[in-house]
Amino acid sequence: VSALDEMGGERDAFIAPDFDTLVDSPTVVGDPAIHDFSVVAVPHQHVIIGEAGVWDGARSARDMERIVRAARDFWGVLPYDRYTVFNLLTEARGGLEHATSTVLMTSRWSTRTDTAYRDWLGLLAHELFHAWNVKRLRPLELGPFDYERENHTRTLWIAEGLTEYYGDLLVRRAGLATPDEYLTALSTHIRELQSRPGRLVVPLESAAFDAWIKQYRPDENSRNVSVDYYGKGAVIGALLDARIRLATRGARSLDDVMRVAYARHGGDRGYTSAEFRTIAGTVAGIELGAFFHHALETTGELDYEPLLACYGLRFRAEPDGAPAAWLGVTTRDDGGRLIIAGIARDTPAYGSGLSVEDEIIAIDDFRVRAGGLGPRLEQYRPGDRIELLIARRDALRRYAATLGAVPRATWTLEPDPGATAEQIARRREWIGE
Ligand SMILES: [Zn+2]
């Protein structure tokens, strides 16, 4: 099976019109399972490599059709003559967008559990949304590609962040997730952002510009010094959408911004950051310059109030009871040894002298092994001072740390029981009921 356009010649011979099309056309040779369907007479193929009687291809093809229909309803048009989803069951997770296809990688077990399946549907919707947003409506800098060097752009919050925002929304709008499940997905993005110290270090547009040297070369300190333009971009999408709906009392939304941008810039040239911001302000009918500057060019905390106010939402109350003691390290099990895998900025462990790759041997001279750190810390309270015996490259060292309290904020969105009729109406326009 090939995504290349067959341009005559022998059977199984394919010709690409140019180099860009060739490298944008993944090719699979083999005997995959193929599910065909059409949406408004445009043929779609769902190609599954490694189905092996485990993956439920009939179900995923049916749901893919629903997501394509939701995307077509969103944009009003399908931008291709045919479209192929290559679903590789490789026990890895990832996806890459192309003009007339996408390649997804997932686990063959992903149709077996609701959470894993919704995650796959979100990935599929994300990559499909790229057929419009990125492959045809793209940042100025991302085309024509210079294959010899990096192609820097500051607008990945639009290209990837808004695609992430709409990936989840399309799954909801296709009826494949409930409103609650949608709010859970958005809450996960917010929680991930708010627990990432790097959000206070790097502005979003700078993180996008550095994608070539940082985003795809993560190390143990990435969470401390960089921000994820997928997740923060999705959150900014939700905030921007809410601001536009508030300003227009539900008459307009971010959906309109995307469609106007597609109509105006969905061609060969691409858009600049300023052009996209201008469209948003025009659609909203309000000045959004200060919002964009704060959200994209500074490391200031985001203001969630418009999101809560627009839809009548609140963050779930923090849990009752005394907070647990907190060291602030993530660890891994290395054959039973307890190894520090990460230390977040502004935690008790940060600045204590502990370092990533240290093996924690004992706390207050009692042995701790892999899996034992959590239960051991339950023996302490916030404010207690502990002494850690660690091994660093086989040298034993002792470090002291004063335990803090586990952060309590839940960042879980839920409907506010006191929401007004107007807020409930806005929420229904956004994610249905
Ligand atoms: Zn993407």
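Residues numbered from 1 in each chain as written. Predicted model: local features only at pLDDT ≥ 70, side-chain atom pairs only at ≥ 80, totals over all residues. Heavy atoms only, no water.

Caption draft 1: Geometry of the coordination of the zinc ion. For the zinc ion, the full set of protein donor atoms is His126 (NE2), His130 (NE2) and Glu160 (OE), at a range of 2.0 to 2.1 Å. Motif for the zinc ion, donor spacing along one chain: H-x3-H-x29-E. Within this pair, whereas His130 is found in the loop between helix H3 (114-129) and helix H4 (156-173), its partner Glu160 is found in helix H4, the two being separated by 30 residues in sequence. Of the two residues examined, His130 and Glu160, each falls in the buried class. (Donors = N, O, S within 2.8 Å, 3.2 Å for Na, K, Ca; no water. Helix = DSSP H or I, 4+ residues; strand = E, 2+ residues; numbered from the N terminus. Buried < 20%, exposed > 50% of the residue type's maximum accessible area, 1.4 Å probe, protein only.)

Caption draft 2: Geometry of the side chain of Glu205. By secondary structure assignment, the location of Glu205 is in helix H6 (residues 204-209). At a separation of 2.9 Å, a polar atom in the side chain of Glu205 contacts the side chain of Arg277. Residues contacting Glu205, with those up to four places away along its chain left out, are Arg154, Trp157, Ser273, Arg277, Leu296 and Glu297. (Polar contact = N/O pair within 3.5 Å; in protein donor to acceptor, adjacent residues only side chain to side chain. Contact = heavy atoms within 4.5 Å.)

Caption draft 3: Main features of the layout of surface pockets. Of the pockets and cavities examined, the second largest pocket occupies roughly 690 Å³. Residue lining of the second largest pocket: 30 residues in total, with Ser195, Trp326, Ala344, Thr347 and Pro407 positioned closest to the centre. Put simply, the parts of the chain that give the lining of the second largest pocket at least two residues each are helix H5 (179-194), helix H7 (222-225), strand S7 (325-326), strand S8 (329-334), strand S9 (337-343) and helix H13 (373-377). (1 Å grid on protein atoms, 1.4 Å probe; cavity = no way out; pocket = protein on both sides within 12 Å on 5 of 7 lines; lining within 4 Å. Points joined across faces, edges and corners; volume = space filled by probe spheres on them.)

Caption draft 4: Broad picture of the sheet that holds strand S1 (residues 33-39). Strands sit in the order S1-S2-S3-S5-S4 across an open sheet of five strands; the sheet is mixed. Each having just a single partner strand, S1 and strand S4 (94-97) make up the two edges of the open sheet. If you compare each strand with its neighbour and ignore which way they point, the axes differ by 15° on average. In this sheet, strand S5 (residues 101-106) lies alongside strand S3 (residues 83-89) in parallel orientation, the contact comprising six bridges. When the bridges of S5 are listed, Leu88 appears paired with Met105. This element, H3, spans strand S2 (42-49), S3, S4 and S5 of the sheet and lies at about 155° to S5. (Pairing = 2+ DSSP bridges. Axes fitted to C-alpha atoms, helices over the stretch in contact; angles between N-to-C directions.)

Caption draft 5: Representation of the packing of H4 against H5 in the model. Two elements in contact, H4 and H5, have axes whose closest approach is 9 Å; the angle formed by their N-to-C orientations is 165°. The angle between the axes of H4 and H5 places the two elements in the roughly antiparallel class. H5 is crossed by H4, and the crossing has right-handed handedness. Taken together, the residues of H5 that come into contact with H4 (itself represented by Glu164, Tyr165, Asp168, Leu169 and Arg172) are Pro179, Tyr182, Ala185 and His189. In the contact of H4 with H5, the residues fall into five nonpolar, one polar and three charged. (Parallel < 35°, antiparallel > 145°, perpendicular 65-115°, else oblique. Left-handed = near helix turned anticlockwise from the far one by under 90°. Nonpolar A, V, L, I, M, F, W, Y, C, P; charged D, E, K, R; others polar.)

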